[in-house]
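Descriptive analysis of the structure
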Amino acid sequence: MARSLLRTGLGVRVWNRTRSKAAPLAADGATVTETAEEAVRGADVIVTMLNDGLSVAAALTAAASGVHGGQILLQSSTVGPDATADLAQRAADLGLVGLYAAHLAGQNVAYGGYAGERRAFGGVGGVGAPVRPRRGRARQARGAGGEGVLG
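Below, the structure is looked at part by part. These numbers come from a predicted model, not from an experiment.

As enumerated under the stated definition, the model contains four salt bridges in all. Between D28 and R3 there is a salt bridge, with its nearest N and O atoms 2.5 Å apart. In this pair, D28 sits in the loop between α2 (19-22) and β2 (31-32) while R3 sits in helix α1 (residues 2-7), placing the two residues 25 residues apart along the sequence. Using a relative accessible area of 38% as the deciding quantity, one classes D28 as partly exposed.

What follows is the structure in structure tokens.
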């Protein structure tokens, strides 16, 4: 995901709990940071792509002192509806605009014309965002955090 963002010309700062996993991204132009706080400070968009909800929650806690109200949290980890609702609340508590955009059951669902394509985004407080799948037309969904994973 970071490499895809870099290919578009966006500036990308990356952090991983295990620094050696993030280090190869420096060769592609990413700035590898020492802390989660440093990675998010001043960013327009914060992207999480982690193994589970507990890992995302821990990363948000580690980054908390670097966030500012109004930043967008693009939560891209597939964590299920319960964890998603918790993470949406954590985002709101930090003043973040939270968007859920997980890879629901992988690319076949997320881009194959199924529910993942149609409803992958559910914003906190009714905030929605356009979704542009690889095929087909753009979609937009609105609702509470995690609502898109319930159907």
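Next, the rest of the story.
What follows covers the nonpolar core. Counting residues in hydrophobic clusters, the biggest one holds 14 residues, and the most contacted among them are V40, I46, L60, V67, L73, L87 and L96. Elements with a minimum of two residues in this core: α3 (36-40), α4 (53-63) and α5 (81-93). Looking at this core, the element that brings in the most residues is α4, giving four residues. Apart from residues lying up to four places away in sequence, L96 is in contact with I46, V67, H68, Q71, L73 and A91.

Let us now look at the sheet that holds strand β4 (residues 72-75). Taken in spatial order, the three strands make up an open sheet running β3-β4-β5, and their pairing is parallel. Every other strand in the sheet has two partners, leaving β3 (45-48) and β5 (97-100) as the edge strands with one partner each. On average, each strand axis in the sheet is tilted by 20 degrees relative to the strand beside it, whichever way the strands run.

In the sheet, β4 pairs with β5 via four bridges, with the strands oriented parallel. Residue pairing across strands places L74 opposite L99, the latter belonging to β5. A crossover links β4 with its parallel partner β5, the connecting element being α5, and its sense is right-handed.

Before going further, it helps to examine the environment of T33. Note on placement: T33 falls in the loop between β2 and α3. Residue class for T33 comes out buried when judged on its relative accessible area of 1%. Separated by eleven residues in sequence, T33 and A22 place their C-alpha atoms 8.7 Å apart. With near-sequence residues (within four places) excluded, T33 lies in contact with R13, V14, W15, R19, E38 and A39.

All right, on to the packing of α4 against α5 then. Put simply, α4 and α5 touch, their axes get as near as 10 Å, and they point 10 degrees apart. Between α4 and α5, the crossing angle belongs to the class labelled roughly parallel. Judged by residue contacts, G53, V56, A57, L60 and T61 of α4 engage A83, L87 and R90 from α5. Classifying every residue of the contact of α4 with α5 by side-chain character gives five nonpolar, two polar and one charged.

Within α4, the full set of buried residues consists of G53, S55, V56, A57, A59, L60 and A63. Residues of α4 that are buried sit in contact with α3, β3, β4 and α5. At the N-terminal end of α4, a side-chain oxygen is found 3.3 Å from the backbone nitrogen of L54, two or three residues along, and the residue is D52.

With that settled, consider the environment of T18. Position of T18 relative to the elements: it lies in the loop between β1 (13-14) and α2. By relative accessible area, T18 is classed as partly exposed at 36%. Residues T18 and E34, spaced 16 residues apart in sequence, show a C-alpha to C-alpha distance of 9.8 Å.

Conventions and cut-offs
Residues numbered from 1 in each chain as written. Predicted model: local features only at pLDDT ≥ 70, side-chain atom pairs only at ≥ 80, totals over all residues. Heavy atoms only, no water. Salt bridge = Lys/Arg side-chain N within 4 Å of Asp/Glu carboxyl O. Helix = DSSP H or I, 4+ residues; strand = E, 2+ residues; numbered from the N terminus. Buried < 20%, exposed > 50% of the residue type's maximum accessible area, 1.4 Å probe, protein only. Core = buried A, V, L, I, M, F, W, Y, C linked by side-chain atoms within 4.5 Å. Contact = heavy atoms within 4.5 Å. Pairing = 2+ DSSP bridges. Axes fitted to C-alpha atoms, helices over the stretch in contact; angles between N-to-C directions. Right-handed = clockwise from strand over helix to strand, strands pointing away. Parallel < 35°, antiparallel > 145°, perpendicular 65-115°, else oblique. Nonpolar A, V, L, I, M, F, W, Y, C, P; charged D, E, K, R; others polar. Polar contact = N/O pair within 3.5 Å; in protein donor to acceptor, adjacent residues only side chain to side chain.

Such coordinate-based values are descriptive only and should not be taken to indicate function.
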